[in-house]
Amino acid sequence: MSDYVKIVEVGPRDGLQNENQPIGVDTKVGLVERMVNAGVRHIEAASFVSPKWVPQMVGSADVMQRVPRTANVHYSALTPNLKGLEAAIASGCEEVAVFGAASETFSQRNINCSIRESLERFRSVIETALNNKLRVRGYVSCVLGCPYEGDIAPERVSKVALILSEMGCHEISLGDTIGRGTPNSTRHMLEACIRLIPASQLAGHYHDTYGMAIANIVASLELGLRTFDSSVSGLGGCPYATGASGNVATEDVVYLLHGLGYETGIDLPKLIQAGMYISSALGRKTSSRVALAMSSNCSITSAD
């Protein structure tokens, strides 16, 4: 089993999209620059969606054009439709993502259509992206619970994940959108998915609402997953899931993985500085327990 774990940093997109205050392009690019300097190699940097629905993602094209283009650093963007995909291609994206749900009600509330309809919409996006030599990542939300329907059967998750895989998504990110999953429910969900899709093609995307994200990552590692989404400083949430807190903090995930003997290629002190930078820009403390602990021990200096 590989001792390398891939971290997909989603802070610049999934993390910042729910902020109430305006966040300028300079700040977003500054965050990405600091994360690249820390060794982060997979960054979801933008979202090409209507500014009417996600105003914080205004300026995504500018962000994509200004981020540092460094060898072995890969940027992705969310593209829910062909118009978004065209904008992503024009901005130099090499990977795009589409997002579905394992909950019918959440799908209706989030993108105003059924699960089946959403998957059919994605078909043309995925085909066009692949024809343009872009890689496509698929997201499945509400894999461990829905704010409207409660528990979600693991088989419903695996069915959506399989369809996305068969459409051409090279990786499927399984999202605990409301953060209610436990190691036990995580194992059951993953076991259902692994029966249909190799663990190497799956990623864990765990929110930390109930403080279970780190435990769920450990459970996922035991089942062979080696890719996890996380958000620097624990940024994020879900506008359609009241009370859902942010993604698990990248700093905490890296600390865990290094402690377990895995390699990430990420410099933890520099990563913490990146988290301090964006937390300062937002006017609040980091949500990373590791960053708070190391900072209080004077192990990290303030980010400029």
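See the structure above.
Residues numbered from 1 in each chain as written. Predicted model: local features only at pLDDT ≥ 70, side-chain atom pairs only at ≥ 80, totals over all residues. Heavy atoms only, no water.

Q: Quick question: what am I supposed to make of the pattern of salt bridges here?
A: Two side chains bearing opposite charge may form a pair once their charged atoms approach each other closely. Under the criterion given, the structure shown has 13 salt bridges. The residue Glu149 makes a salt bridge to Arg156 at a minimum N-O spacing of 3.1 Å. Look at Glu149 and you get partly exposed, because its relative accessible area is 30%. Ionic pairing is found between Arg289 and Asp208, a salt bridge with its closest N-O pair at 3.3 Å. Linking Arg289 in helix H12 (residues 289–296) with Asp208 in the loop between strand S7 (202–206) and helix H9 (213–222), this pair joins segments that are 81 residues apart in sequence. Each of Lys6, Arg137, Glu171 and Asp229 takes part in salt bridges that share partners, so that together they form one network. (Salt bridge = Lys/Arg side-chain N within 4 Å of Asp/Glu carboxyl O. Buried < 20%, exposed > 50% of the residue type's maximum accessible area, 1.4 Å probe, protein only. Helix = DSSP H or I, 4+ residues; strand = E, 2+ residues; numbered from the N terminus.)

Q: Help me out: how do you make sense of the pairing of strand S1 (residues 6–9) in this one?
A: Each regular strand displays side chains that alternate between the two surfaces of the sheet. Side chains of S1 alternate between two faces, with Lys6 and Val8 and Ile7 and Glu9 buried alike. As defined by bridge partners, S1 adjoins strand S8 (residues 227–230) across 4 bridges and the pair is classed as parallel. For Glu9, the partnering residue across the bridge sits in S8 and is Ser230. (Pairing = 2+ DSSP bridges.)

Q: Teacher, can you tell me more about the packing of aromatic side chains here?
A: Given two aromatic rings, one states the distance between the centres and the angle between the planes to describe the pair. Going through the model one piece at a time under the given rule, you end up with 2 aromatic pairs. On the numbers, 6.3 Å between centres and 50 degrees between planes, the contact of Phe99 with Phe122 is tilted. One end of the pair, Phe99, is in strand S4 (residues 95–101); the other, Phe122, is in helix H6 (residues 115–131), with 23 residues separating them in the sequence. Pair check on accessibility: Phe99 and Phe122 agree, each one buried. Here Phe106 and Tyr148 contribute two aromatic rings whose centre-to-centre distance is 6.5 Å and whose plane-to-plane angle is 35 degrees, an arrangement assigned as tilted. Within this pair, whereas Phe106 is found in helix H5 (residues 104–111), its partner Tyr148 is found in the loop between strand S5 (135–141) and helix H7 (154–167), the two being separated by 42 residues in sequence. Phe106 sits in the buried class, given a relative accessible area of 2%. Lying over the aromatic face of Tyr139, Arg13 brings its terminal NZ or CZ to 5.9 Å of the ring centre. Seen from the ring of Tyr277, Arg34 lies directly overhead, with NZ or CZ sitting 3.8 Å from the centre. (Phe/Tyr/Trp six-rings, centres within 6.5 Å; stacked < 30°, edge-to-face > 60°. Lys NZ or Arg CZ within 6 Å of the ring centre and 35° of its normal.)

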